[in-house]
Amino acid sequence: MRKLFVMTFLVLGLTASAQQVPALEQIKSDPKKSYGTDYPYAFTATQLTKAPSGYKPFYISHYGRHGSRYYWNAMLYRELDSLLTTAHKKQLLTTEGEGFYERFMAAKEELKTGVSELTQVGWEQHQRIARTMYNNFPQVFKKGGNVLAISSLSGRCVLSMSAFCQELVQCNPKIEIREQSSRFTLDGVVPTDRENPLRRKFPKAKPRYENNRDRFSYSDSLNEHIISRMFVSTEGLPGNMNHVASNLINLYTSLPSISHEGMMGNIITDEEIARRWESSNLDSYSWVFGPQYDMIPILEDFIKKADAVISGKSDHIADLRFGHDTCLGPLTVLMGINGADTDPEDPNEVKNIYQNWQTCKASNIQLIFYRGKKASDDILVKCLLNGSEASLPLPSDAYPYYKWSDFRQFYTERCKAHTN
């Protein structure tokens, strides 16, 4: 029986992996994916697997990152303002640089005022994700019912929650939603927040590939190309030029989120960002891998609230959470979604088990719960990552559907194993 369990798990895991398009092929077909966590949410038509005979969805548990926003740090805009102003006065800008200077100056007050705030793009992302959820699982929502939505204390998360919830109610006015952004609910949405009264310490993790980082080598001259396209000379300009190039890249990848694509002309191209994606993805994996156990309270919140619904102690048809990439990325690793917890020793394998665009703007995890016709039927659960069916490190004879009892036992044990 043990051998059958293992073989079922391995075969399903290989099947799920085989269905995925290799990461570098995805980058080639959509270079903007190389923006990583700056990638704006992609809405692609996805065919979901029909539930086993007799099973219908009855409850959804969700965690979503806020939608597209202005750049998170005001220093980026301030430094670029100072740099471009100085370069313009000293006549050190190329023709391409002058064009960028003019467009940046026309938008700079908006950029400085909007620092870290949700944009219209971000608002619309959550509206559309909510409507897609409603349309995908109408059985959950058709009779109306109670929903609890919780958010971090950040304004961009609160507004993302509002956009999502408003759209659900537009779909069906019978849905009653309680929205909450407070210290009382931080443990279930941003457990690491200093305002969280239940904040705990968890062990940090280190990915194994870091011990073999020398197996991966990469270098390019993009920084130098960017600087040469911008300036006829850098003499007398403020700041280290590598830092300047980094600022320009960060601005560039943020532009689709703030409806200013084209601002930088041809100073940087998507293809150039794409060529260094594998290197940046390695850094991203370390970043999401290290604090994965800090997200245990969120996973515990998933389990606790689902238990309450299944036992009849809660009448929620959905529990929604709105937070940050700093939570969703590590949570993806903690849960091992699509093998993100594989922890390879070879840095060249990291791209196959985690891609940083999966933690894009408005990225989200949805757990969909199903009941059979008989009271004795197992509760089933399916995981969606950004709207697509995702694998979990659990056995299943009906992938992408897993027994809730297996899910609950596996993740409860994983949480306990890493709780001090």
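In the block above lies the structure referred to throughout.
Reference entry: report on the structure contained in this document.

Quick notes on the rules
- Residues numbered from 1 in each chain as written.
- Predicted model: local features only at pLDDT ≥ 70, side-chain atom pairs only at ≥ 80, totals over all residues.
- Heavy atoms only, no water.
- Helix = DSSP H or I, 4+ residues; strand = E, 2+ residues; numbered from the N terminus.
- Rg over C-alpha atoms; globule rule 2.2 N^0.38 Å.
- Buried < 20%, exposed > 50% of the residue type's maximum accessible area, 1.4 Å probe, protein only.
- Expected span 1.5 Å × (residues − 1).
- Contact = heavy atoms within 4.5 Å.
- Polar contact = N/O pair within 3.5 Å; in protein donor to acceptor, adjacent residues only side chain to side chain.
- Axes fitted to C-alpha atoms, helices over the stretch in contact; angles between N-to-C directions.
- Parallel < 35°, antiparallel > 145°, perpendicular 65-115°, else oblique.
- Left-handed = near helix turned anticlockwise from the far one by under 90°.
- Nonpolar A, V, L, I, M, F, W, Y, C, P; charged D, E, K, R; others polar.
- Patch = residues over 30% accessible without salt bridge, like charges linked within 9 Å, V, L, I, M, F, W, Y side chains within 5 Å.
- Areas by Shrake-Rupley, 256 points an atom, 1.4 Å probe, with all protein chains shown as cover.
- Salt bridge = Lys/Arg side-chain N within 4 Å of Asp/Glu carboxyl O.
- Lys, Arg positive; Asp, Glu negative; His and termini not counted.
- Charge placed at Lys NZ, Arg CZ, Asp CG, Glu CD.
- 1 Å grid on protein atoms, 1.4 Å probe; cavity = no way out; pocket = protein on both sides within 12 Å on 5 of 7 lines; lining within 4 Å.
- Points joined across faces, edges and corners; volume = space filled by probe spheres on them.
- Core = buried A, V, L, I, M, F, W, Y, C linked by side-chain atoms within 4.5 Å.

### Remarks on the overall build of the protein
Moving on, step 1. A count of helices and strands for the protein gives 15 helices and eight strands.
Moving on, step 2. Computed over C-alpha atoms, the radius of gyration of the protein comes to 23 Å, within 12% of the 22 Å expected from 2.2 N^0.38 for 420 residues, which places it in the range of a compact globule.
Moving on, step 3. In terms of overall dimensions, the protein has a C-alpha envelope of 80 × 50 × 40 Å along the principal axes.
Moving on, step 4. In the protein, which comprises 420 residues, the share counted as buried stands at 55%.

### As for helix α3 (residues 74-89)
Moving on, step 1. Given a rise of 1.5 Å per residue, 16 residues ought to cover 22 Å, and the 23 Å separating the end C-alpha atoms of α3 matches this to within 8%.
Moving on, step 2. Considered for burial, the residues of α3 that qualify are Leu76, Tyr77, Leu80, Asp81, Leu83, Leu84 and Ala87.
Moving on, step 3. Buried-residue contacts for α3 involve α4 (95-114), α8 (222-230) and α9 (241-254).
Moving on, step 4. Backbone nitrogen of Met75 and a side-chain oxygen of the N-cap are separated by 2.9 Å at the start of α3; the cap is Asn73.
Moving on, step 5. Looking at the residues trailing α3, positive phi occurs at Gln91, about 60 degrees.

### Examining unusual backbone geometry
Moving on, step 1. Geometrically, the link from Tyr399 to Pro400 is a cis peptide bond, its omega value of 10 degrees lying close to zero.
Moving on, step 2. Positionally, Pro400 belongs in the loop between β7 (388-390) and β8 (401-403).
Moving on, step 3. Positive phi values are uncommon outside glycine, yet Ser259 reaches one of about 60 degrees.
Moving on, step 4. Tracing the sequence through the fold places Ser259 in the loop between α9 and α10 (270-275).
Moving on, step 5. Overall, the relative accessible area of 55% leaves Ser259 in the exposed class.
Moving on, step 6. Phi is positive for Asn338, close to 55 degrees, though the residue is something other than glycine.
Moving on, step 7. Looking at the secondary structure, you find Asn338 in the loop between α13 (325-335) and α14 (350-353).

### Focus: the packing of helix α5 (residues 120-136) against helix α7 (residues 155-171)
Moving on, step 1. Viewed as axis vectors pointing N to C, α5 and α7 meet at an angle of 40 degrees, and their least axial separation amounts to 8 Å. In terms of their interaxial angle, α5 and α7 are classed as oblique. The chirality of how α5 crosses α7 is right-handed. Contact residues: Trp123, His126, Gln127, Ile129, Ala130, Arg131, Met133 and Tyr134 in α5; Leu159, Ser160, Ser162, Ala163, Phe164, Gln166, Glu167, Leu168, Gln170 and Cys171 in α7.
Moving on, step 2. Looking at the contact of α5 with α7 residue by residue, the class counts come to ten nonpolar, six polar and two charged.

### A closer look at a positive patch on the surface
Moving on, step 1. Together, Lys56, Lys142, Lys143 and Lys373 give the surface a local cluster of positive charge.
Moving on, step 2. On the secondary structure map, Lys143 appears in the loop between α6 (138-141) and β2 (145-151).
Moving on, step 3. Among the residues examined, Lys143 registers a relative accessible area of 72% and is labelled exposed.

### A few points about the environment of Gln409
Moving on, step 1. In this fold, Gln409 is placed in helix α15 (residues 404-417).
Moving on, step 2. Residue classification places Gln409 among the partly exposed residues on the basis of a relative accessible area of 47%.
Moving on, step 3. Separated by 202 residues in the primary sequence, Gln409 and Pro207 place their C-alpha atoms 25 Å from one another.

### With respect to empty space enclosed by the protein
Sizing a probe to match a water molecule and rolling it over the atoms shows the empty space that remains.
Moving on, step 1. Applying the stated criterion across every chain yields a total of one cavity of 30 Å³ or more.
Moving on, step 2. Of the volumes computed, that of the largest cavity is approximately 70 Å³.
Moving on, step 3. Taken together, Gln20, Thr332, Ile337, Asn338, Ala340, Asn352, Ile353, Tyr354, Gln355, Gln358 and Leu385 make up the lining of the largest cavity.

### Side note on the nonpolar core
Moving on, step 1. In this structure, Phe100, Phe141 and Leu251 are the most contacted members of the largest nonpolar core, which totals 74 residues.
Moving on, step 2. The leading source of residues in this core is α9, at seven residues.
Moving on, step 3. Residues within four places of Phe141 in sequence aside, it is in contact with Ile60, Met133, Tyr134, Leu168, Asn172, Ile175, Ile317 and Ala318.
Moving on, step 4. By size, the runner-up hydrophobic cluster in this structure holds 51 residues, among which are Ile150, Leu186, Ile303 and Leu385.

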